[in-house]
Amino acid sequence: MTERPMIQISLPATGEEEWQACREPLMSGWLTQGPKVAAFEQAFAERHRVDHALATTSCTTGLHLILAGMGIGPGDEVIVPAFTWVATANVVLYCGATPVFADVDRETYNVDPADVARKVTARTKAVIAVHLFGLCADMAAIRAAVPDGVRIIEDAACAAGAAWRGTPAGGLGDAAAFSFHPRKSVTTGEGGMVTTNDSELAETMARLRNHGASVSEEQRHRGPKPYILPDFNLLGFNYRMTDLQGAVGLVQLGKLDRFIAERQHFAERYRDGLQRLGWLRMPRFGESGGHAWQAFVTYVDPETAPMPRNALMEHLKAAGISTRPGTHAIPTLGYYRERFGISPDEFPGSRDCDANTMAIPLHNRMNAEDYDYVIETLCAL
Ligand SMILES: *Cc1c(COP(=O)(O)O)cnc(C)c1O
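Residues numbered from 1 in each chain as written. Predicted model: local features only at pLDDT ≥ 70, side-chain atom pairs only at ≥ 80, totals over all residues. Heavy atoms only, no water.

Novice: Help me out: how do you make sense of the nonpolar core in this one?
Specialist: A general feature of soluble globular proteins is that nonpolar side chains tend to end up buried together. In this structure, Phe44, Val116, Val127, Phe178 and Met193 are the most contacted members of the largest nonpolar core, which totals 41 residues. Of all elements in the fold, only helix 3 (35-47), strand 1 (52-56), strand 3 (98-102), strand 4 (124-130), helix 7 (139-145), strand 8 (175-179) and helix 10 (243-274) reach the threshold of two or more residues within this core. Two domains each provide a minimum of three residues to this core, namely domain 1 (16-253) and domain 2 (256-379). When sequence neighbours within four positions are dropped, the list of residues in contact with phenylalanine 44 reads Ala53, Phe178, Phe180, Met193, Thr195 and Leu253. The next biggest cluster of nonpolar side chains, apart from the first, holds 36 residues, and it includes Leu67, Val86, Ile128 and Ala157. (Core = buried A, V, L, I, M, F, W, Y, C linked by side-chain atoms within 4.5 Å. Buried < 20%, exposed > 50% of the residue type's maximum accessible area, 1.4 Å probe, protein only. Helix = DSSP H or I, 4+ residues; strand = E, 2+ residues; numbered from the N terminus. Domains from an automatic or database assignment. Contact = heavy atoms within 4.5 Å.)

In structure tokens, the structure reads:
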């Protein structure tokens, strides 16, 4: 057995500053959505160059808020990649709409615009373009693949700080949702953010986030009265972020660019050290500075690798290196298999990525020796 501590696949880079940031809300007693969340939203909107940012409890609830805010419901279809985190498809079902899967490209792991075009029907209301692992999807090709009027939603869960052709993620479609789960590069424990440049949609989502509450007609006319509650003429949710999380998010957002620059640096070190292994394909790097590097996901070539991916993952674990499959092909998951009975064979790219991708450790608590150890261990095979 190895004596070095396990190199984790991912660890949140939080510490003293985040700890101190929680002091003010805790001392003042303003714990739910309040001034810290407002400051976090404003800073996030500025960093991603969008008009509106609304903090939520997660990316999943953020995506749900977007679909609900767009009025997507029963009878509507939403195109989603077949290889992505399950939440991308689940949110479509929350609205009573139908997820329609499109295959992904094996090189970028992102949705294949040609397959999106094939999946369009008269019922298609939206496409959820996922920026998987921090690499932006080809937004122009996706836009061109669908008729005008079909909304483009970014699942930017992995893409805080990413950019496509110079424009930050979050403003590349009609609306976007980000995640602050600890597996992402900046975190609030759980948490999310929706962004849009559509003021009407932002207003609707702000109401839906808070139980559907709006200022009532009576209140509008008679001014604030202690006995008047808001009106509730939308079926809303409680998707508000706490001010404790807002305070942590603000500190984390201030470190985002440094985190990404460090990840980019070590992604290049991995590439330089590993690309001579013909059997281990490196992820696409994308345009300069555009990749947010939520994860470094390799592809283990089943034809030429010294052992199959799963055996390799076991081997690395025994050597003290934690790995994970990139993500999963949703049609292979039990609920989707039983409810929709779609054959994963219809999605050869997704199926292949499901079986052969392997994320290796990349996070802001690793040091150069950790990366070199991963490289040496792989090169010794
Ligand atoms: C992490 C992730 C989500 C879910 O984010 P939560 O904040 O945990 O709800 C959705 N989509 C993708 C692509 C993700 O990676």
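Novice: Teacher, can you tell me more about the site of the ligand here?
Specialist: Lining the immediate surroundings of the ligand are 14 residues, of which Cys59, Thr60, Asp155, Ser179 and Lys184 lie closest. Cysteine 59 places a main-chain nitrogen or oxygen 2.9 Å from an oxygen atom of the ligand. At 2.8 Å from a nitrogen atom of the ligand is found a side-chain nitrogen or oxygen belonging to aspartate 155. Here the ligand has 380 Å² of accessible area as a free molecule, and 90% of this is covered by the chains. Looking at side-chain class alone, the shell around the ligand contains five nonpolar, seven polar and two charged residues. (Near = heavy atom within 4 Å. Polar contact = N/O pair within 3.5 Å; in protein donor to acceptor, adjacent residues only side chain to side chain. Areas by Shrake-Rupley, 256 points an atom, 1.4 Å probe, with all protein chains shown as cover. Nonpolar A, V, L, I, M, F, W, Y, C, P; charged D, E, K, R; others polar.)

Novice: Teacher, can you tell me more about the sheet that holds strand 13 (residues 296-300) here?
Specialist: Here we have three strands laid out as an open sheet, ordered 12-13-14, and antiparallel in their pairing. Looking at the sheet topology across the chains shown, the edges are occupied by strand 12 (280-281) and strand 14 (357-360). Relative to strand 13, strand 12 runs antiparallel, the two being bridged by two bridges. Bridged to leucine 280 within strand 13 is valine 300. Its contacts with the sheet put helix 10 on strand 12, strand 13 and strand 14, and the angle it makes with strand 13 is roughly 20°. (Pairing = 2+ DSSP bridges. Axes fitted to C-alpha atoms, helices over the stretch in contact; angles between N-to-C directions.)

Novice: Just to check I follow, could you spell out the environment of leucine 235 for this structure?
Specialist: When you line up the elements, leucine 235 lands in the loop between strand 11 (231-232) and helix 10. What makes leucine 235 exposed here is its relative accessible area of 75%. Along the chain, leucine 235 and glycine 134 lie 101 residues apart, while their C-alpha atoms are 33 Å from each other.

Novice: Even after reading the chapter, I still don't get the sheet that holds strand 4, so can you show me in this structure?
Specialist: Note: strands within a sheet are paired through backbone hydrogen bonds, in either parallel or antiparallel orientation. Taken together, seven strands build an open sheet; the order of strands is 1-9-8-5-4-2-3 and the sheet is mixed. Both outer strands of the open sheet, strand 1 and strand 3, are each paired with one neighbouring strand and no more. If you compare each strand with its neighbour and ignore which way they point, the axes differ by 25° on average. Strand direction decides the pairing type here: strand 4 and strand 5 (residues 151-155), joined by five bridges, are parallel.

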